[in-house]
Amino acid sequence: MKLRIRILPIIGLLLLMILYAPASVPGTAPCSQLASGAKYGFLGFLVPSVAACPGPEFTVTANPSSLAINPGATGTSTIVITSLYSFSGTVSLSTSPPPLCPSPNCSTWSINPTSVTLSPNGTASSTFTVTAGTSSPTPGNWVNVTVFGTSGNLTRSAIVKFTTSSTPDFTMSVSPNPQTIQPGATATYTILMTSINGFSGTVSLQTPLMPCSTYCWSVNPTVVNVPAGGNATSTLTITTTTGIKPGNYQLPVLGFSGSLSHQVTAYFTAVSSTPDFSITANPASLQVQTGTTSTSTVAVTSLNGFAGNVSLQVPPSPLCPACTGWAINPWTVTLSPNGTATSTLTIYAGGNPTSGSVTVNATSGNLSHTVTVNYTIVSKSSDFTISATPSSLGIPGGSCATSTVTVTSVNSFNGTVSLTSSSSPTGLTTTLGQSFVVVPAGGNATTTTLTICTTPSTPSGPYSITVTGTSGTLSHVANISVTVTAPNFSISASAGNITIDQGSSGTSTINVTSLDGFAGTISLSVSISPSGPTGVINPSSITLQGGGTADSVLTVSTTASTPAGSYVVTVTATSSSITHTVIIGVKLVDPPGSGGGGGGKATPT
């Protein structure tokens, strides 16, 4: 009996190994380190390839990625957007659409702010807020919400799942997450355990059991006491070796308390240790009216601990009085390790419409980097602008969404603006509420609604919608990024861990939920490792309606001779090319009175 107690933590780690073997890293950019040459090694850890990533990227992660919320209450998750490989720019944020049924019966969600600006290798965050419905979802049924981040032709995403619950439980989160670590350096994360619905008790924290190679880790303390209505913390420390290759890595941490278990994942990016700096301009393109000025902020950012002076130079301006000129101030900036310094590039528009560019050359010793600012000089005449809100949408196949198109007068423009819309690639139907709008002078705005629709057969993926406004020789466009999501389904278990007496049986309800309008027949199968107990699921085939759910009951049976110990049950749900699994841990114990202690009934995770 003492031997079995001692090996239970090891069994828990083996269960963690099976639980944490994803097919891809949630919210991680699909650069060549991840998509082309990366492999998942022991315990599902990412082993990056030596291939270089193709260019600037960003990731989107959610912390926490799962929420248990009382019906009618509110829960939040922090969405972190991280620059990789010197990406800089604005990232628009959107979510898969909430259900159409009214609040408070159904759950609703939103994200704020809807756009963030990233500096090279920096991070930004937004808050995802869920208000749980009083009747939907039902307790124990999980809803997956996709958070999209879009910048140009890059679209990345993370999934936040939530359920309603009124039973005592706890949540886990980790921060700051993700982080950037240099070779041979250390990063610390705070793991937060929070009581919900009056939960109180100890939570044991476990990490994968494997020797240090490219990085090492520790958790202290490994057991925390969470008071009712309160929280407790532990510190995760990750130390990289000097030989770690640049790339994206992850480390799961599992928290146990009785039959309850939750997991968080700490993400980090290993970067080159050579001191350097980057240079960016915001905005990188300027439109300046004749006889006026406009500016762009040039930011110089320390990389890998670089410190020192950086000289900024621009080509000499033309000498003619009517020509467009430029200047940068200050000419020299001083960087502290991992800091940022700025200078201002000013464009002085001459008297004639023209276009061109100014290249800013930044040097420090043998390091040199450049950034180019484009400019267009336009006549100071009446014009209009056109914009769309939101400028980024996620639409399930077979659904519709709307964006508000706004046309605004500039320099006393007064006239009719014709509107057209198009989709690239084709496949989306776009309909404008009005084919033209009349814009009054004085900066007043006129709006109309653009409706974007998909069909169930519309291919999933990114699309770009262009709304063009034309008035005489004037023409401007507003772009809307659309991500079409394919029908899918999720699978979950009411009891994630089951304790069974030898010779008895235990059950767990398997719930399958339609996502993004999925409808069809799903086959369910059961496997158990190691062999010993038998598993039966009834029914083994279920049919989902779009937006619906269905349940099946998993029964795990044993005999008096089935060896006591820990087992892992895998339930696989398959429909055509879509496959999902859910893991249930089974602990088989001696029956009461046998001297082995006995077990109890199945309890939900």
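Remember, predicted model here, so these are calculated numbers, not experimental data.

This part is about the pattern of salt bridges. A side chain of one charge can pair with a side chain of the opposite charge if their charged atoms are brought near each other. Here the structure, examined in full by the defined rule, presents 1 salt bridge. Of the charged contacts, one joins Arg-156 and Glu-57 as a salt bridge, the two residues approaching to 2.7 Å between their closest N and O atoms. Of the two residues, Arg-156 sits in strand β11 (residues 154-164) while Glu-57 sits in strand β3 (residues 57-63), which places them 99 residues apart along the sequence. Given the relative accessible area of 14%, Arg-156 is considered buried. Given the relative accessible area of 6%, Glu-57 is considered buried.

Turning our eyes to something else, we now look at the nonpolar core. Grouped together as the largest cluster of nonpolar side chains are 28 residues, with contacts concentrated most on Met-172, Tyr-189, Met-193, Val-203, Leu-236, Ile-238 and Phe-268. Elements with a minimum of two residues in this core: β12 (169-175), β14 (186-196), β15 (201-206), β16 (215-220), β17 (223-226), β18 (231-240), β19 (247-257) and β20 (260-270). Tallying contributions element by element places β20 first for this core, with 5 residues. Those residues in contact with Met-172, other than ones at most four positions away along the chain, are Pro-64, Ile-191, Leu-192, Met-193, Leu-205, Val-253, Leu-254, Gly-255, His-262, Gln-263 and Val-264. Counting residues in each nonpolar core, the second largest holds 26 residues, with Ile-510, Ile-537, Ile-542 and Ile-584 among its members.

Moving on: the environment of Gly-496. Relative to the assigned elements, Gly-496 resides in the loop between β39 (488-493) and β40 (497-501). The spacing of Gly-496 and Ser-261 is 235 residues in sequence and 8.0 Å in space, taken between C-alpha atoms.

What follows concerns the state of the cysteines. Here the structure, examined in full by the defined rule, presents 2 disulfides. The side chain of Cys-320 participates in a disulfide bridge whose partner is Cys-323; the two sulfur atoms lie 1.5 Å from each other.

This next bit is on the side chain of Thr-448. Among the secondary structure elements, Thr-448 is positioned in strand β36 (residues 445-453). What makes Thr-448 buried here is its relative accessible area of 6%. Polar contacts involving the side chain of Thr-448 include one to the main-chain amide nitrogen of Gln-434, which spans 3.1 Å. Not counting residues up to four positions away in its chain, the partners in contact with Thr-448 are Ser-403, Thr-404, Val-405, Leu-419, Leu-432, Gly-433 and Gln-434.

Here we come to the pairing of strand β42 (residues 520-529). Taken together, the 4 bridges between β42 and strand β44 (residues 541-544) define a ladder with antiparallel strand orientation. Each bridged residue has a counterpart across the sheet, and for Ser-523 the counterpart in β44 is Ser-541. Of the strand pairs in this sheet, β42 and strand β46 (residues 565-575) are connected by 7 bridges, and their pairing is antiparallel. Paired with Leu-524 across the two strands is Ala-573, which belongs to β46.

Moving on, we get to the sheet that holds strand β5 (residues 74-84). Within the open sheet, the 4 strands sit side by side as β3-β5-β9-β7. Their pairing is antiparallel. Of all strands in the sheet, those bounded by a partner on one side alone are β3 and β7 (108-112). Between one strand axis and the next, the sheet turns by 20° as a mean value, whatever way the strands run.

This brings us to unusual backbone geometry. Most peptide bonds take the trans configuration, and most residues that are not glycine carry a negative phi. A cis amide bond links Ser-175 to the next residue, Pro-176, at an omega of -15°. For Pro-176, the location among the structural elements is in the loop between β12 and β13 (179-181). Unlike most non-glycine residues, Asn-338 shows phi in positive territory, near 60°. Among the structural elements, Asn-338 can be located in the loop between β26 (332-335) and β27 (340-348). Within the chain, Ser-576 stands out as a residue other than glycine whose phi angle is a positive 60°. Take Ser-576: it is sitting in the loop between β46 and β47 (578-589). In this structure Ser-576 comes out as exposed when scored by relative accessible area, which is 73%.

Moving on, we get to the sheet that holds β47. The 5 strands lie next to each other as β40-β47-β46-β42-β44, forming an open sheet whose pairing is mixed. Only two strands of the sheet have a single neighbouring strand rather than two, namely β40 and β44. Neighbouring strand axes in the sheet, compared pairwise and without regard to direction, differ in orientation by 30° on average.

β19 sits mainly inside the fold: 11 of its 11 residues count as buried. Both faces of β19 are covered, namely the face carrying Gly-247, Tyr-249, Leu-251, Val-253, Gly-255 and Ser-257 and the face carrying Asn-248, Gln-250, Pro-252, Leu-254 and Phe-256. Pairing between β19 and β20: 11 bridges, direction antiparallel. Paired with Gln-250 across the strands is Tyr-267, a residue of β20. Hairpin geometry of β19 and β20 is characterised by an intervening segment of 2 residues between the two adjacent antiparallel strands and by a positive phi of about 60° at Gly-258.

What counts and what doesn't
- Residues numbered from 1 in each chain as written.
- Predicted model: local features only at pLDDT ≥ 70, side-chain atom pairs only at ≥ 80, totals over all residues.
- Heavy atoms only, no water.
- Salt bridge = Lys/Arg side-chain N within 4 Å of Asp/Glu carboxyl O.
- Helix = DSSP H or I, 4+ residues; strand = E, 2+ residues; numbered from the N terminus.
- Buried < 20%, exposed > 50% of the residue type's maximum accessible area, 1.4 Å probe, protein only.
- Core = buried A, V, L, I, M, F, W, Y, C linked by side-chain atoms within 4.5 Å.
- Contact = heavy atoms within 4.5 Å.
- Disulfide = S-S within 2.5 Å.
- Polar contact = N/O pair within 3.5 Å; in protein donor to acceptor, adjacent residues only side chain to side chain.
- Pairing = 2+ DSSP bridges.
- Axes fitted to C-alpha atoms, helices over the stretch in contact; angles between N-to-C directions.

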